[in-house]
Amino acid sequence: RTGELVQSVGLGTRVLRESLDPQDRARLMNVLGAARDLLGQTAVAVEVFERALTLRPDPDLEAKIRVNLGVALARLERHEPAIDHLQAAAALSADPARMARIQLDLAISQRALGDLVACRASLDEAARLAGDPTTPLLVEHQRALLDADEGHSDAALVRLRALVSDDLPVHLEAATWQEIARLDPDLDAAISAAQRALAAKTESPEWAVVVCTLLVDRLEAAARYEEALVFQRELTRRQEAAWAAQKDTELALLRVQLEVDRLRDASDALTAANAELEQALREKDEFVAIASHDLRSPLTAIQMAGELLNEAGHPLGAEIARSSERMALMLNKLVHAHAAEATDAVATEAVAIEEVVDRVVAALAGKAADKGANIVVSGSARLLADPEALARVLTNGIENALKFGASSVWIVTGEDGVEILDDGPGFTAEDLDRAFGKFARLSARPTGAEPSTGLGLYIIKRLMEAMGGTVALGNRAPRGARLVLGLRRPG
């Protein structure tokens, strides 16, 4: 059981590092505090319970925390604050069973402070509210101790002997025999009771230590030194076992804390690395924005120079014009990819998809004519999209179909979106695995020596996701590629 408690403390401590709702955090801290208390770390448990209360838990959870805190404080002999928390828990509780246990715990602290009248009243209330078979037994045990405190040892012994005739929980059985050994004036009967207490199969050594100490004192007072020595040896053995168990527990908890610290350090390092990565991404975005802006002016100047040289019949004019045009296309693609990467979502509206298709096809008619390709458009639908984002998606999709050698391109609009089909080389299995990656270079090559940046499909995927749509690639039989753009329907 100790191992399970240590594991629970370790797991709970790790979970506390996560982002939790305050109520969930308070609930977990209540469990952790109870585990710490069971492991003998009662002072630590008190701190955990007190921190849990600062999270303003709901009334039911607050009552549970205050009960656990009150019991832990009583275990540390801090009975006045224990009573304060138990009374606060009682004010928050409506469940009779919980109220009975609270009254019982109150009685224990009231008796420790010498308020025997209040103690008896709390015990009577606990007995009245008890709804389980164990609480009345605990109440009767406390009444016996109260009788002894009031000087009625005979009455206390009668209660205690009546208790041990019942089937008691093991801890209550040990505690009852311990009290009989303390109160019975017959030393031999006290020794017999002590042996019964020592035989109880409890996980806690507290009963054994108390009983052995008690018997050693009584036997030495009666000059029965050999018997006292037997109990002294048993006391030493039990104390050493308790000390070893406590050290094992402390060592296990230390290992847990070291592991939690290691995970915390790893988490902090990851957080720092993420911050550096975010800074690098911001710097990259700034670089792309600045470069795309600053390159446009010299590129425009080069294009104009090429045109002038071409008009003057200079042999380099045509080559400069072609190269600068390719540079402009590549720059525009890079800028569009950067814009798509920075787009998480766009506002969509019901759009007549065929109108956007017609507009894009008209803009690309010159490219299609240059490649000797035929574009066939069919279908119509009203779907949710951003017109400009969809136009960029279609432009990239149709340009790809034209670029890689299709003699025919079909654009089919339907109720689920748009398909772009071609009779080009299609995709290999490896292409399909990495097609949407940034700067992905696929097996097919442009047939007209057009520039290819590997960004077209990346831009398509980013923009489709931003519109809440989907994108898929495939091959047509017997030859060709198939790009499927899925869009949502209005309403």
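I will try to describe carefully the structure that is included in this document. Because the structure is predicted, anything quoted here is derived from the model rather than measured.

In this section: the pattern of salt bridges. Where charged atoms of side chains with opposite charge meet at close range, the side chains can pair. All chains considered together, the criterion is met by 26 salt bridges. A salt bridge links Glu150 to Arg120; the shortest N-O distance between them is 2.8 Å. In this pair, Glu150 is assigned in the loop between α8 (134-149) and α9 (153-164) and Arg120 in helix α7 (residues 116-129), connecting sequence segments 30 residues apart. Given a relative accessible area of 26%, Arg120 falls into the partly exposed group. Note that Glu227 is salt-bridged to Arg224, the shortest N-O span being 2.7 Å. Overall, Glu227 belongs to the partly exposed group, its relative accessible area being 32%. Given the relative accessible area of 24%, Arg224 is considered partly exposed. Salt bridges sharing common partners tie together Arg120, Asp124, Glu140, Arg143, Asp147, Glu150 and Arg159.

Moving on, we get to unusual backbone geometry. Residues Ala477 and Pro478 are joined by a peptide bond in cis, for which omega reads 0°. Along the chain, the position of Pro478 falls in the loop between β6 (470-475) and β7 (481-486). Even without being a glycine, Arg56 presents a positive backbone phi close to 55°. Residue placement: Arg56 occurs in the loop between α3 (42-53) and α4 (59-75). At Ala223, a position not held by glycine, the phi torsion is positive, near 60°. Mapped onto the elements, Ala223 comes out in the loop between α12 (206-221) and α13 (225-311).

Another point: the packing of aromatic side chains. Summed over all chains, the structure comprises zero aromatic pairs. Just above the ring of Phe436 sits the side chain of Lys461; from NZ or CZ to the centre is 5.6 Å.

Between its terminal C-alpha atoms α3 stretches 17 Å, which fits the 16 Å expected from 12 residues at 1.5 Å a residue. Inspection of α3 places Thr42, Ala45, Val46, Val48, Phe49, Ala52 and Leu53 among the buried residues, and these make up the whole buried set. An end-on view of α3 places all buried positions within 165° of arc, on one side of the element.

Turning next to the packing of helix α10 (residues 170-183) against helix α11 (residues 187-199). Running from amino to carboxyl end, α10 crosses α11 at an angle of 160°, the nearest separation of the two axes being 8 Å. If you check the angle between α10 and α11, you find them roughly antiparallel. When the axes of α10 and α11 are compared, the crossing they make is left-handed. Contacts between α10 and α11 involve Ala174, Trp177, Gln178, Ile180 and Ala181 on the former and, on the latter, Ala190, Ala193, Ala194, Arg196 and Ala197. Here the residues of the contact of α10 with α11 are counted per class, giving eight nonpolar, one polar and one charged.

The biggest cluster of nonpolar side chains holds 43 residues, and the ones touching the most others in it are Leu394, Ile398 and Leu485. Looking at this core, the elements with two or more residues in it are α15 (353-363), β3 (382-385), α17 (387-403), β4 (408-414), β5 (417-422), α19 (456-466), β6 and β7. The element that contributes the greatest number of residues to this core is α17, accounting for eight residues. Ignoring any residue separated from it by four or fewer positions in sequence, one finds Ile398 in contact with Val360, Val361, Leu364, Ile375, Ile411 and Ile420.

A few words now on the sheet that holds strand β2 (residues 374-378). Pairing is mixed in the open sheet, where five strands are placed in the order β2-β4-β5-β7-β6. Looking along the sheet, the strands with just one partner apiece sit at the ends: β2 and β6. Each adjacent strand pair in this sheet contributes to an overall mean axis angle of 15°, direction not counted. Looking at chain direction, β6 and β7 are connected through six bridges and run antiparallel. Bridging across to β7, Leu473 finds its partner in Leu483.

What counts, and at which threshold
- Residues numbered from 1 in each chain as written.
- Predicted model: local features only at pLDDT ≥ 70, side-chain atom pairs only at ≥ 80, totals over all residues.
- Heavy atoms only, no water.
- Salt bridge = Lys/Arg side-chain N within 4 Å of Asp/Glu carboxyl O.
- Helix = DSSP H or I, 4+ residues; strand = E, 2+ residues; numbered from the N terminus.
- Buried < 20%, exposed > 50% of the residue type's maximum accessible area, 1.4 Å probe, protein only.
- Phe/Tyr/Trp six-rings, centres within 6.5 Å; stacked < 30°, edge-to-face > 60°.
- Lys NZ or Arg CZ within 6 Å of the ring centre and 35° of its normal.
- Expected span 1.5 Å × (residues − 1).
- Arc of directions from axis to C-beta.
- Axes fitted to C-alpha atoms, helices over the stretch in contact; angles between N-to-C directions.
- Parallel < 35°, antiparallel > 145°, perpendicular 65-115°, else oblique.
- Left-handed = near helix turned anticlockwise from the far one by under 90°.
- Contact = heavy atoms within 4.5 Å.
- Nonpolar A, V, L, I, M, F, W, Y, C, P; charged D, E, K, R; others polar.
- Core = buried A, V, L, I, M, F, W, Y, C linked by side-chain atoms within 4.5 Å.
- Pairing = 2+ DSSP bridges.

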